[in-house]
Number of protein chains: 2
Amino acid sequence: MTSPNKKQRITKSKEVTCSAPVNIAVIKYWGKRNTALLLPTNSSLSLTLNQDDLRSTTTIRASPDFVSDRIWLNGKEENINAKRLSNVLSKAKELRKEMEEKDADLEKLSEWGIYIASYNNFPTAAGLASSASGFACLTFALSQIYDLSINLSQVSMLARLGSGSACRSLFGGFVKWEMGTKDDGSDSLAIQVASETDWPGMEALILVVSDARKDTGSTEGMQLTVETSELLKHRIEKVVPQRMLDMEKAIAEKDFDSFAEITMADSNQFHAVCLDSYPPIFYLNDISKAVIKVITALNARSIHTDPSGKKKGYKVAYTFDAGPNAVLYMQREHLSEVLGVIDYLFPRKSTQKVGEYYGKAKEVLENVDKTNVAKVCDGLGLKQWPKGSLTRIISTSVGDGPRVLSKEYDSEASLLTIDDVAKQI
Amino acid sequence: MTSPNKKQRITKSKEVTCSAPVNIAVIKYWGKRNTALLLPTNSSLSLTLNQDDLRSTTTIRASPDFVSDRIWLNGKEENINAKRLSNVLSKAKELRKEMEEKDADLEKLSEWGIYIASYNNFPTAAGLASSASGFACLTFALSQIYDLSINLSQVSMLARLGSGSACRSLFGGFVKWEMGTKDDGSDSLAIQVASETDWPGMEALILVVSDARKDTGSTEGMQLTVETSELLKHRIEKVVPQRMLDMEKAIAEKDFDSFAEITMADSNQFHAVCLDSYPPIFYLNDISKAVIKVITALNARSIHTDPSGKKKGYKVAYTFDAGPNAVLYMQREHLSEVLGVIDYLFPRKSTQKVGEYYGKAKEVLENVDKTNVAKVCDGLGLKQWPKGSLTRIISTSVGDGPRVLSKEYDSEASLLTIDDVAKQI
């Protein structure tokens, strides 16, 4: 119940609404050399997923009437002074303030209060790191509302202060996070390696294995590995630098075979250094291992070695973040085969609702020859798992970077209704 | 049905019966630099388990009447020409032949045929490497029957040709396998670091997790790791050499805290390099991981850091070979507490027979205060697993090296009865 008077009190204000995508790394980030500035111990590289399917959306409204900054995540107000969040906000305001000091004509937005509302369209149950898309969206929206004269890589540094891997969600396609070497983190930022249109047709399947909360969060886990794993040092110094070069080459050449080999090797190695930690960290469970076995068998069926000794014919690559869920990357022509095999070996339970369980994957599955899939799986000696071993299947693709949905108040786009805002004043 | 005549035909013969123990490494052997001579990529160190509980027993009978060599394993005749077996036999005969050439008075045993019968008293289901105790017993028995003038480390080289880790079963107590550097393997042998009486009271619990055959055998698995793991190189060059020194020091000082730390770290790292292989090798399953969590929690309860920064108060160490079964090492005073906790968290199913399931562990458990154990586990937030998650529990201790059970035909000790032998001629 908002009176017209209250509405009219908001005389001066500015609002933007943006969305930003999720990213899933193929060369993993694991370990910080500076935990305050979120500077990593190695570079990493990820693929940006399509925000038509998975996204964070954020509205920021700035107004001189707002006496304090406030934030709502998925409709629930959260602490605006949470350390990483406040680092991001104060840095963004500082950049705005510098601009205002140089140009007296600019509105003093840095002195206004801001209200932030952010939503993720994917359930926490999907096991996706909402902090990456969330902080990417927040910083992108801040750069828009403050008209910051910085490029996207510079925005990515701001996002990095909120969540390391968030910096990679500032671009679409194939994105690397250069670890940088400077103590102040000014060279630790994201760069687009290739856009989603440079290498089109890259599909992703997310196999959600478990809703269970993980034992070891990634922030805590990666520092345990830094402190206790003797193998991590070798990974950081020797393995990752070469893999980054090899992966960039694979992407430039649209060489799926090399892409798949490096992706799977790096996922394995990330989980290996977790296991080499003390106490050991396990993110893969028996279902995750079964998925690895299936993908290995499926690839083995089509792989051959060419005269130069290179393995060719990979159909699909797996990668696992700090949890049991699998992300599979493949080119479009193999999507229905891979999905068919996964669906056959990890069948849905009748109590799992078709719409929620499959999402867009349902359409792809309609064209799968199930008899043939069964024959292929049986021929590979792969056994069916109990129904309900997966929680859901998300089918998406590689997509673009953050989008501006509106640069002024727009009742369609805004997550902060005039009513909400007025109520809070 | 054997006629007295046939018995009398065995005019000249020689027989020995020996037993040899199992060993479980605390610094793991994983990778060969020479697959023919079974030369390892790194040194390793193990504890020899008590052969009163777990052993291989072997009878060798040599006779000029035997027209060919033959072997029976657990009562079933096996191929005497299997490569590793035949390598061991021909090398032993060669050593005997050299002695015969130097001393004309010696019986020409190297020209006689030999019959070998070998039994393991532990079921394959125990998941213990029977090849280690088996080849240790075979070579020890060969050295006895041929009166080879070589020391036990030299016998261990012979055992190594049959199964790498067998060389460590030639000694009791704490045994290292020096990897050596020579191409012919003449310096790759076992040495006793300390006897079972130098550091008495070391107990072992084997938690048998699964009867299922493993996907990847260790011979095959370790070479996959050598070929594909980028982390293994670092383990071999940097980590293991230091750990060998640290572990020998821990044993010399009877420092269980350091012993436990290194043992668990090295088990973790061995499984980490397996995971870093392509395709990744998994030996630990969800039950193995649960055991690790329990041991970590149990230790955390008593660990404190002394003024020098060293962690003290470890009660028990886990180690896992190439399979899901846990081996726990602890000093005698903690056996009942550890066993009580394990038994409470991984309860027996009523269909698992008490005698088979617990063996000697039954007596220890009779003195456990079950109410207190339940309180401790609940306090640590550890949940009970479904009944029957373990297959059996084997309680044993660190023990002595190979034993000669008889040096002539002895109907009590012999695994080859006169009847059996006569029948085969």
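Residues numbered from 1 in each chain as written. Chains lettered and ligands numbered in written order. Predicted model: local features only at pLDDT ≥ 70, side-chain atom pairs only at ≥ 80, totals over all residues. Heavy atoms only, no water.

**Details of the overall build of chain A**
Step number 1: The number of helices and strands found in chain A is 13 helices and 18 strands.
Step number 2: Computed over C-alpha atoms, the radius of gyration of chain A comes to 23 Å, within 12% of the 22 Å expected from 2.2 N^0.38 for 425 residues, which places it in the range of a compact globule.
Step number 3: Over its C-alpha atoms, taken along the principal directions, chain A stretches across nearly 70 × 50 × 40 Å.
Step number 4: With 425 residues in all, chain A has 57% of them scored as buried. (Helix = DSSP H or I, 4+ residues; strand = E, 2+ residues; numbered from the N terminus. Rg over C-alpha atoms; globule rule 2.2 N^0.38 Å. Buried < 20%, exposed > 50% of the residue type's maximum accessible area, 1.4 Å probe, protein only.)

**Re the interface of chain B and chain A**
Step number 1: On the chain A side, the residues contacting the 30 residues of chain B number 30 residues.
Step number 2: Considering only the surface of chain B that becomes buried against chain A, B:Leu231, B:Leu275 and B:Tyr278 emerge as the three largest contributors, covering 24% of it.
Step number 3: Across the chain B-chain A interface, the total number found is two salt bridges.
Step number 4: Between B:Glu230 and A:Arg243 there is a salt bridge; the shortest N-O distance is 3.5 Å.
Step number 5: In this structure, the connection of chain B to chain A is made through 11 residue pairs in polar contact (both at pLDDT 80 or more).
Step number 6: At the level of secondary structure, the elements contributing two or more residues to the side of chain B that touches chain A comprise helix 6 (230-252), helix 7 (256-275) and helix 8 (286-302) of chain B. (Contact = heavy atoms within 4.5 Å. Buried area = accessible area lost by both parts, 1.4 Å probe. Salt bridge = Lys/Arg side-chain N within 4 Å of Asp/Glu carboxyl O. Polar contact = N/O pair within 3.5 Å; in protein donor to acceptor, adjacent residues only side chain to side chain.)

**Considerations on the relation of the copies chain B and chain A**
Step number 1: Relative to chain A, chain B is turned by 180 degrees and slid 0.0 Å along the rotation axis, the superposed coordinates differing by an RMSD of 0.1 Å. With respect to symmetry, the two chain copies, as superposed, fit the operation of a two-fold axis. Proximity to the rotation axis, assessed at the C-alpha, singles out B:Ala272 in chain B; its C-alpha lies 2.1 Å from the axis.
Step number 2: When the interface residues of chain B are mapped onto chain A, 100% of them again lie at the interface, so the same face is used by both copies. (Least-squares fit on C-alpha atoms with pLDDT ≥ 70 in both.)

**Considerations on the UniProt feature "coiled-coil region" (unreviewed entry) in chain A**
Step number 1: Taken from the UniProt record, the annotation "coiled-coil region" (unreviewed entry) applies to residues 82-112 of chain A.
Step number 2: Spanning residues 82-112 of chain A, this segment combines 65% helix with 0% strand, and its end C-alpha atoms are found 19 Å apart. (UniProt positions renumbered as here; feature names shortened; annotations may be inferred.)

**Concerning the side chain of A:Lys176**
Residues and elements named next belong to chain A.
Step number 1: Inspection of the secondary structure assignment puts Lys176 in strand 10 (residues 174-178).
Step number 2: Looking at Lys176, the relative accessible area reads 12%, which means it is buried.
Step number 3: Setting aside residues no more than four positions away along its own chain, Lys176 makes contact with Ser44, Leu45, Leu189, Ala190, Ile191, Val193, Met244 and Glu248.

**What about the side chain of A:Thr58?**
Residue and element names in this part refer to chain A.
Step number 1: Position of Thr58 relative to the elements: it lies in strand 6 (residues 55-63).
Step number 2: A relative accessible area of 1% means that Thr58 is categorised as buried.
Step number 3: At 3.0 Å, the side chain of Thr58 and the side chain of Ser118 are in polar contact.

**Section: the state of the cysteines**
All names here are of chain B.
Step number 1: The tally for this structure, following the rule as stated, stands at zero disulfides over all chains.
Step number 2: Free of any disulfide, Cys137 has its nearest neighbouring cysteine sulfur in Cys18, separated by 5.8 Å.
Step number 3: Residue Cys137 is classed as buried on the basis of its relative accessible area, which comes to 0%. (Disulfide = S-S within 2.5 Å.)

**Some thoughts on the confidence of the model for chain A**
Step number 1: Residues at a pLDDT of 70 or more form 93% of chain A, whose mean pLDDT is 92.
Step number 2: Under a pLDDT of 50 for its full length, residues 1-10 of chain A has, in the predicted model, 13 contacts with residues more than four places off or in other chains. (pLDDT = per-residue confidence, 0-100.)

**Re the environment of A:Val368**
Residues and elements named next belong to chain A.
Step number 1: Mapped onto the secondary structure, Val368 falls in the loop between helix 11 (361-366) and helix 12 (370-379).
Step number 2: Overall, Val368 belongs to the buried group, its relative accessible area being 14%.
Step number 3: Sequence separation between Val368 and Ser336 is 32 residues, and the spatial gap between their C-alpha atoms is 6.3 Å.
Step number 4: If we skip the residues at most four places from it in the chain, Val368 touches Ser336, Gly340 and Val373.

**Overview of the packing of aromatic side chains**
Step number 1: Enumeration over the complete set of coordinates arrives at 26 aromatic pairs over all chains.
Step number 2: Both rings, one in A:Tyr318 and one in A:Phe320, keep their centres 5.9 Å apart while their planes meet at 55 degrees; by these two values the pair is tilted.
Step number 3: Since its relative accessible area comes to 0%, A:Tyr318 is described here as buried.
Step number 4: Judged by its relative accessible area of 0%, A:Phe320 is buried.
Step number 5: When the centroid spacing of 5.4 Å and the interplanar angle of 65 degrees are considered together, the rings of B:Trp72 and B:Tyr115 count as edge-to-face. Taken together, the positions of B:Trp72 in strand 7 (residues 70-73) and B:Tyr115 in strand 9 (residues 113-120) put the pair 43 residues apart, joining distant regions of the chain. In terms of burial, B:Trp72 and B:Tyr115 fall into one category: buried.
Step number 6: Feature note: the residues A:Phe174, A:Trp199, A:Phe256, A:Phe259 and A:Tyr329 constitute an aromatic cluster, connected by ring pairs. (Phe/Tyr/Trp six-rings, centres within 6.5 Å; stacked < 30°, edge-to-face > 60°.)

**Quick word on the packing of helix 3 (residues 130-145) of chain B against helix 4 (residues 152-162) of chain B**
All names here are of chain B.
Step number 1: As a packed pair, helix 3 and helix 4 sit with axes 9 Å apart at the nearest point and diverge in direction by 130 degrees. It follows from the interaxial angle that helix 3 and helix 4 lie oblique. At the point where helix 3 passes helix 4, the crossing takes the right-handed sense. Contact with helix 3, carried on its side by Phe135, Ala136, Thr139, Phe140 and Ser143, involves Leu152, Val155, Leu158, Ala159 and Gly162 of helix 4 and no other residues of that element.
Step number 2: Class assignment of the residues belonging to the contact of helix 3 with helix 4 gives a composition of seven nonpolar, three polar and no charged. (Axes fitted to C-alpha atoms, helices over the stretch in contact; angles between N-to-C directions. Parallel < 35°, antiparallel > 145°, perpendicular 65-115°, else oblique. Left-handed = near helix turned anticlockwise from the far one by under 90°. Nonpolar A, V, L, I, M, F, W, Y, C, P; charged D, E, K, R; others polar.)

**Re the nonpolar core**
One broad trend across soluble globular proteins is that nonpolar side chains are buried collectively.
Step number 1: Membership of the largest hydrophobic core comes to 242 residues, with the highest contact counts inside it found for A:Leu328 and B:Leu328.
Step number 2: With near-sequence residues (within four places) excluded, A:Leu328 lies in contact with A:Glu203, A:Ala204, A:Leu205, A:Leu207, A:Val291, A:Ile295, A:Val316, A:Ala317, A:Tyr318, A:Val338 and A:Ile342. (Core = buried A, V, L, I, M, F, W, Y, C linked by side-chain atoms within 4.5 Å.)

**Describing the domain arrangement of chain A**
When the parts come together, some accessible area is lost, and that loss is often what is quoted as the size of the interface.
Residue and element names in this part refer to chain A.
Step number 1: For chain A, the assigned domains are domain 1 (4-199 + 403-424) and domain 2 (202-397).
Step number 2: For domain 1 versus domain 2, the separation of C-alpha centres amounts to 29 Å.
Step number 3: Contacts between the two partners involve 33 residues from domain 1, matched on the other side by 49 residues from domain 2.
Step number 4: Counting the surface lost from both domain 1 and domain 2, the interface buries some 3300 Å², and carbon and sulfur atoms represent 68% of this.
Step number 5: Our count for the contact surface shared by domain 1 and domain 2 stands at three salt bridges. (Domains from an automatic or database assignment.)

**Things to note about the sheet that holds strand 8 (residues 76-78) of chain B**
Residues and elements named next belong to chain B.
Step number 1: Judged by pairing direction, the sheet is mixed, and its six strands sit side by side in the order 8-7-9-6-1-18 without closing on themselves. Looking at strand neighbours, the two that pair on one side only are strand 8 and strand 18 (403-406), the edges of this open sheet. Strand-to-strand twist across the sheet, computed as the mean angle between neighbouring axes with direction ignored, equals 25 degrees.
Step number 2: Across eight bridges, the pairing between strand 6 (residues 55-63) and strand 9 is antiparallel. Looking at the pairing, Ile60 lines up with Ile116 of strand 9. (Pairing = 2+ DSSP bridges.)

**Quick look at the sheet that holds strand 10 of chain A**
All names here are of chain A.
Step number 1: Spatially, 2-5-10-11 is the arrangement adopted by the four strands of the open sheet, whose pairing is antiparallel. Edge positions in the sheet fall to strand 2 (23-27) and strand 11 (189-194), since each of these pairs with one other strand and no more. Within this sheet the neighbouring strands show an average axis-to-axis angle of 35 degrees, counted without direction.
Step number 2: The sheet contact formed by strand 2 and strand 5 (residues 44-48) spans four bridges and is antiparallel. Paired with Ile24 across the bridge in strand 5 is Leu47.

**Some details on the environment of A:Ser118**
Residues and elements named next belong to chain A.
Step number 1: With respect to the helices, strands and loops of the structure, Ser118 is situated in strand 9 (residues 113-120).
Step number 2: For Ser118, a relative accessible area of 8% corresponds to the buried category.
Step number 3: Sequence separation of Ser118 and Gly75 is 43 residues, and the distance between their C-alpha atoms is 7.7 Å.
Step number 4: Ignoring sequence-local partners within four residues, the contact set of Ser118 consists of Thr57, Thr58, Trp72, Leu73, Asn74 and Leu415.
Step number 5: Looking at Ser118, its side chain comes within polar contact range of the main-chain oxygen of Thr57, at 3.4 Å.

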